[in-house]
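Chain by chain, the residues run as shown.
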There are 2 protein chains.
Amino acid sequence: VKIAIPIFDGITALDAVGPYEVLARIPGARVTFVATQPGTKRTDNGSLGLVADRSLADLPDPDVVLVPGGYGTDEAENDETLLAWLRAAHETTTWTTSVCTGAFVLGAAGLLQGRRATTHWGSIERLRVFGAEPVHERVVTDGKIMCAAGVSSGIDMALALAATLTNDVVAQAIQLGIEYDPAPPFDAGTPFKAPPEVVDLVRKAIAARRG
Amino acid sequence: VKIAIPIFDGITALDAVGPYEVLARIPGARVTFVATQPGTKRTDNGSLGLVADRSLADLPDPDVVLVPGGYGTDEAENDETLLAWLRAAHETTTWTTSVCTGAFVLGAAGLLQGRRATTHWGSIERLRVFGAEPVHERVVTDGKIMCAAGVSSGIDMALALAATLTNDVVAQAIQLGIEYDPAPPFDAGTPFKAPPEVVDLVRKAIAARRG
């Protein structure tokens, strides 16, 4: 299984690395970080570099594409090289997927037209710009497109992907390998569960960052 | 708050990037990836490079140290430059922490002697080599040392750290920002919950890798 994760400056590291950690453990899978221009990409808060080993052109026919999000998707949505690569790859993928605002890059490539999709709760209504129907679920599948909600939800999506690409035993072995028995110290992971002042704080932070 | 994440070849990416994604969102925090020799470090399965921007010597006095795990800890345990830096940094840290087999690096530095600690379930008994008492919990705190269990548990530890470094509202805002409302498709994240054949499969894979 050839898995391509396109990255770019301004990505959210966990959007890419959460699923990577799961997918790279599929027996026989090869995960490659690709970019329009290979090399080091800086994350959205600038303090980490992730290396794209290959150009998009080096990997024209992945079985699985996973597009991570981050504020850098504002630019990635207008990267015609990336969008053309996504459209072409999608013709032959088994799964075309996104995490968080990576959905907007799929949308900009025209791949979400008329489909149910999801992204980070703070930007979910914007999916309509691309003709998609926003769905408030952690992982949304429509045909061979799979979208995860915000950041950490990519881990759950990747386990579901691993199960479809192999079987439940392998997916469970991966879950056990990464000891994914989550126990967050708070129950504030969605705007439906977090205290109102916390939701307000995050909404304001997103608005400030978006400018 | 100055947060240092030492990395090395053979790290498990999510051990470092899960906590990074949480800690980098603490207002005023600066997370720096450091290494004995700065530059690109390859993850344990080889398909991702993470960049250490600074040398250990550049950051002698972090407030928080977080040591990730991975098969590369076998070598890191014998990196005297890293061990000496950990011992010196620990004198003045607020928190000295590890994820997964990163605990063995703290142990090799002599920091776990007589302490309760944890690491990946598959290697937990080895903590005794370093005079530590193995505890089967997801996050274990003893004094100013905090250890997370395997890989993904670093996210939960980082949220607990964020709460102690700031307050519950900020920690919850970070959780909401990364939409951490986990919903794994299986309940197989610990050897106590996974089906026996899955536990057996993972134990064999670990043994094969360890050689």
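Residues numbered from 1 in each chain as written. Chains lettered and ligands numbered in written order. Predicted model: local features only at pLDDT ≥ 70, side-chain atom pairs only at ≥ 80, totals over all residues. Heavy atoms only, no water.

1. Some remarks on the relation of the copies chain A and chain B
Mapping chain A onto chain B calls for a screw motion: a turn of 180° about the axis and a shift of 0.0 Å along it, with 0.0 Å RMSD after fitting. The symmetry that links the two subunits is that of a two-fold axis. Taking C-alpha positions as the reference, the residue of chain A nearest the rotation axis is Leu-50 of chain A, at 2.5 Å. Comparing interface residues between copies, 100% of those in chain A also lie at the interface in chain B; the contact surface is shared. (Least-squares fit on C-alpha atoms with pLDDT ≥ 70 in both. Contact = heavy atoms within 4.5 Å.)

2. Points about helix α6 (residues 168–177) of chain A
Counting buried positions along α6 of chain A yields 8 of 10 residues, so the element is predominantly enclosed. In this structure, the buried side of α6 of chain A is in contact with α1 (13–23) and α5 (153–165) of chain A together with α7 (196–210) of chain B. Among the residues of α6 of chain A, the N-terminal cap falls to Asn-167 of chain A, whose side-chain oxygen and the backbone nitrogen of Val-169 of chain A are separated by 3.0 Å. Looking at the residues trailing α6 of chain A, positive phi occurs at Glu-179 of chain A, about 40°. (Buried < 20%, exposed > 50% of the residue type's maximum accessible area, 1.4 Å probe, protein only. Helix = DSSP H or I, 4+ residues; strand = E, 2+ residues; numbered from the N terminus. Polar contact = N/O pair within 3.5 Å; in protein donor to acceptor, adjacent residues only side chain to side chain.)

3. Some thoughts on the pattern of salt bridges
All names here are of chain A. Using the criterion set out here, one finds 22 salt bridges over all chains in the structure. Between Asp-200 and Lys-204 there is a salt bridge, and its shortest N-O distance comes to 3.0 Å. A residue pair is termed a helical-turn pair when its members lie 3 or 4 positions apart in one helix, as Asp-200 and Lys-204 do in helix α7 (residues 196–210) at 4 residues. With a relative accessible area of 57%, Lys-204 lands in the exposed category. (Salt bridge = Lys/Arg side-chain N within 4 Å of Asp/Glu carboxyl O.)

4. Brief notes about the environment of Val-51 of chain B
Tracing the sequence through the fold places Val-51 of chain B in strand β4 (residues 49–52). In the structure, Val-51 of chain B is positioned 12 residues away from Gly-39 of chain B in sequence and 5.4 Å away in space, judged by C-alpha atoms. Each residue touching Val-51 of chain B, except ones within four places of it in the same chain, is listed here: Thr-40, Leu-48, Gly-49 and Val-51 of chain A together with Ile-7, Phe-33, Gly-39 and Thr-40 of chain B.

5. Remarks on the packing of aromatic side chains
Residue and element names in this part refer to chain A. One pass over the full model with this rule turns up 4 aromatic pairs over all chains. Seen from their ring centres, Phe-104 and Phe-130 are 6.0 Å apart, and the 35° between their planes marks the pair as tilted. Residue Phe-104 is located in helix α4 (residues 102–108), and its partner Phe-130 is located in the loop between β8 (116–117) and β9 (133–134); the two are separated by 26 residues in the primary sequence. An identical accessibility class is assigned to Phe-104 and Phe-130; each is buried. Above the ring of Phe-104, the side-chain terminus of Arg-126 is found at 4.7 Å from the ring centroid. (Phe/Tyr/Trp six-rings, centres within 6.5 Å; stacked < 30°, edge-to-face > 60°. Lys NZ or Arg CZ within 6 Å of the ring centre and 35° of its normal.)

6. Some points on the interface of chain A and chain B
Taken together, the contact between chain A and chain B spans 63 residues of the former and 65 residues of the latter. Counting each side, the surface lost to burial between chain A and chain B is near 5,400 Å², with a carbon and sulfur contribution of 61%. When the buried surface of chain A facing chain B is broken down by residue, Leu-176, Glu-179 and Phe-186 of chain A rank first, second and third, together holding 14% of it. Across the contact surface, chain A and chain B share 4 salt bridges. Among the salt bridges present, the one from Lys-193 of chain A reaches Asp-181 of chain B, with a minimum N-O distance of 2.7 Å. Summed over the shared surface of chain A and chain B, the number is 38 residue pairs in polar contact (both at pLDDT 80 or more). (Buried area = accessible area lost by both parts, 1.4 Å probe.)

7. Side note on the sheet that holds strand β7 (residues 95–99) of chain B
All names here are of chain B. Taking strand neighbours across the sheet as the criterion, the 7 strands line up as β5-β2-β1-β6-β7-β11-β10 in an open arrangement whose pairing is mixed. Edge positions in the sheet fall to β5 (54–55) and β10 (139–142), since each of these pairs with one other strand and no more. In the packing of helix α3 (residues 80–90) onto the sheet, the strands contacted are β1 (2–6), β2 (30–35), β6 (64–67), β7 and β11 (145–148), and the crossing angle to β6 comes to about 145°. (Pairing = 2+ DSSP bridges. Axes fitted to C-alpha atoms, helices over the stretch in contact; angles between N-to-C directions.)

8. What to know about the sheet that holds strand β4 (residues 49–52) of chain A
Pairing within the open sheet is antiparallel, and its 4 strands lie in the order β3(A)-β4(A)-β4(B)-β3(B). With partners counted over all chains shown, the strands left at the sheet margins are β3 (39–42) of chain A together with β3 (39–42) of chain B, one partner each. Each strand axis lies, on average, 40° off the axis of its neighbour in the sheet, ignoring direction. Here 4 bridges tie β3 of chain B to β4 of chain B, and the two strands are oriented antiparallel to one another. Paired with Lys-41 of chain B across the two strands is Leu-50 of chain B, which belongs to β4 of chain B.

9. What about the nonpolar core?
Grouped together as the largest cluster of nonpolar side chains are 154 residues, with contacts concentrated most on Tyr-20, Leu-86 and Leu-112 of chain A together with Tyr-20, Leu-86 and Leu-112 of chain B. Contact partners of Tyr-20 of chain A, with chain neighbours within four places excluded, come to Ile-5, Val-31 and Phe-33 of chain A together with Ala-13, Thr-43, Asn-45, Ser-47 and Leu-48 of chain B. (Core = buried A, V, L, I, M, F, W, Y, C linked by side-chain atoms within 4.5 Å.)

10. Some details on the pairing of strand β7 (residues 95–99) of chain A
Residue and element names in this part refer to chain A. Counting buried residues along β7, 5 of its 5 residues qualify, which places the element largely inside the surrounding structure. Here β7 shows a buried face lined by Trp-95, Thr-97 and Val-99 and a second buried face lined by Thr-96 and Ser-98. Bridge count for strand β6 (residues 64–67) against β7 is 4 bridges, and the pairing is parallel. Residue pairing across strands places Val-67 opposite Ser-98, the latter belonging to β7. For β7 and strand β11 (residues 145–148), the ladder comprises 4 bridges, and the chain directions are parallel. Note that in β11 the partner of Thr-96 across the bridge is Ile-145.

11. As for the environment of Glu-80 of chain B
Residue and element names in this part refer to chain B. Within the secondary structure layout, Glu-80 lies in helix α3. Since its relative accessible area comes to 52%, Glu-80 is described here as exposed. Spatially, the C-alpha atom of Glu-80 lies 30 Å from that of Asp-156, the residues being 76 residues apart in sequence.

12. Regarding the side chain of Ser-55 of chain B
Among the secondary structure elements, Ser-55 of chain B is positioned in strand β5. If we ignore the near neighbours within four places in the chain, the residues touching Ser-55 of chain B are Val-34, Ala-35, Thr-36 and Pro-38 of chain B.

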